[in-house]
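Fold and contact review
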Amino acid sequence: GRVAMMAALGAVVQHFVKFPGFQDVPSGLGAVSAPPGSYGFIALFGIAGVLELAIWTESDDKAPGNFGDPLGLDQYNEDTRNRELNNGRCAMFSALGVIAAELFTGKDAVEQLGF
């Protein structure tokens, strides 16, 4: 869910924001196959793997996928958990829709809107 939320947001933001050294990398899925975008993808994949395997590990006293309140805001309860799950599900459909539309039309998420 949280990964899909970041993917949906990133699909829009990457159209407008380019990191230094990545100005010539195309927006959208083309960034994965064009250097230096492919190097950034490999780095992000490696960092995500380390975080997933070493830091964000499952706990036996929590439900699967329940990492609690990462910011320490003390607002994590059953209602908040259900909202986050529903938002994550919606983000999964959003990310899938952006990817499918880009594969079909060749336009990134913002270009789909006609901008």
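In every chain, residue numbers begin from 1 and rise along the written sequence. Reporting of local features is limited, given that this is a predicted model, to residues whose pLDDT is at least 70; pairs of side-chain atoms are given and counted only at 80 or more, and all residues count toward the totals for whole chains, interfaces and linings. Where side-chain values are given, they derive from all heavy atoms of the structure, hydrogens and water being excluded.

Considering a nonpolar patch on the surface
- On the surface, a cluster of nonpolar side chains totalling about 590 Å² of accessible area is made up of Met6, Leu9, Val12, Val13, Phe16 and Val17.
- Looking at where Met6 falls in the secondary structure, it is placed in helix 1 (residues 2-16).
- When accessible area is computed with a 1.4 Å probe and restricted to protein chains, residues below 20% of their type maximum are described as buried, those above 50% as exposed, and intermediate ones as partly exposed. Accessibility expressed as a relative area gives 57% for Met6, which makes it exposed. For patch detection, residues must exceed 30% relative accessible area and be free of salt bridges, and they are connected within 9 Å for like charges or within 5 Å for nonpolar side chains (Val, Leu, Ile, Met, Phe, Trp, Tyr). Per-residue and other accessible areas follow the Shrake-Rupley method at a 1.4 Å probe size, with only the shown protein chains counted as cover for residues. By salt bridge we mean one thing: a side-chain nitrogen of Lys or Arg within 4 Å of a carboxyl oxygen of Asp or Glu. Secondary structure elements follow DSSP: runs of H or I of four or more residues count as helices, runs of E of two or more count as strands, with numbering from the N terminus.

Points about helix 3 (residues 37-55)
- Its 19 residues place the ends of helix 3 26 Å apart at the C-alpha level, agreeing with the 27 Å of an ideal helix rising 1.5 Å per residue.
- Residues count as neighbours in contact if any of their non-hydrogen atoms are within 4.5 Å of one another. Structurally, helix 3 contributes buried residues whose contacts are with helix 2 (30-33). Expected span, for any helix, means 1.5 Å times one less than how many residues it has.

With respect to the pattern of salt bridges
- Per the counting criterion, the structure on display carries two salt bridges.
- One salt bridge connects Glu84 with Arg2, and the closest N-O pair in it is separated by 2.4 Å. With Glu84 in helix 4 (residues 78-105) and Arg2 in helix 1, this pair connects stretches of sequence that are 82 residues apart.
- A residue is classified by how much of its surface remains accessible, and Arg2, at 34% relative accessible area, is partly exposed.

Description of the layout of surface pockets
- Looking at the largest pocket, its volume works out to about 2000 Å³.
- Forming the walls of the largest pocket are 50 residues, and the residues nearest its centre are Val3, Met6, Ala7, Gly10 and Leu44.
- Put simply, the parts of the chain that give the lining of the largest pocket at least two residues each are helix 1, helix 2, helix 3 and helix 4.
- The element that contributes the greatest number of residues to the lining of the largest pocket is helix 1, accounting for eleven residues.
- Detection works on a 1 Å grid of protein atoms alone, calling trapped sets that fit a 1.4 Å probe cavities and calling open sets with protein on both sides within 12 Å along at least five of seven lines pockets, with lining residues defined by an atom within 4 Å of a point. Grid points are joined across faces, edges and corners, and a volume is the space filled by probe spheres set on the points. As a volume, the second largest pocket reaches approximately 160 Å³.

Description of the confidence of the model for the protein
- Here the protein averages 89 in pLDDT, and 100% of its residues register 70 or above.
- Confidence per residue, as judged by the predictor, is encoded in pLDDT with a range of 0 to 100. The least confident element of the protein, judged by mean pLDDT, is helix 2 at 90; the most confident is helix 4 at 93.

Looking at unusual backbone geometry
- Looking along the chain, the bond that leaves Pro35 and enters Pro36 is cis, with omega of 0°.
- You can see Pro36 is positioned in the loop between helix 2 and helix 3.
- Although it is not a glycine, Asp74 sits at a positive phi angle of roughly 55°.
- Summarising the element assignment, Asp74 is placed in the loop between helix 3 and helix 4.
- According to the relative accessible area criterion, Asp74 is exposed, its value standing at 74%.

Points about the packing of aromatic side chains
- Here is the rule: rings of Phe, Tyr and Trp (six-membered ring for Trp) pair when centre to centre is within 6.5 Å. Planes less than 30 degrees apart are stacked, more than 60 are edge-to-face, and the remainder are tilted. Under the definition given, this model contains one aromatic pair.
- Relative to Phe45, the ring of Phe41 lies with its centre 6.2 Å away and its plane at 35°, an arrangement referred to as tilted. Of this pair, Phe41 and Phe45 both sit in helix 3, four residues apart, which is roughly one turn of that helix.

Considering the side chain of Ser27
- Positionally, Ser27 belongs in the loop between helix 1 and helix 2.
- In protein, a polar contact means a hydrogen-donor-capable atom and an acceptor-capable atom, both N or O and within 3.5 Å, with residues adjacent in sequence counting only if both atoms are side-chain atoms; elsewhere, any N or O pair within 3.5 Å suffices. Among the polar contacts made by the side chain of Ser27, one reaches the side chain of Lys18 at a distance of 3.2 Å.

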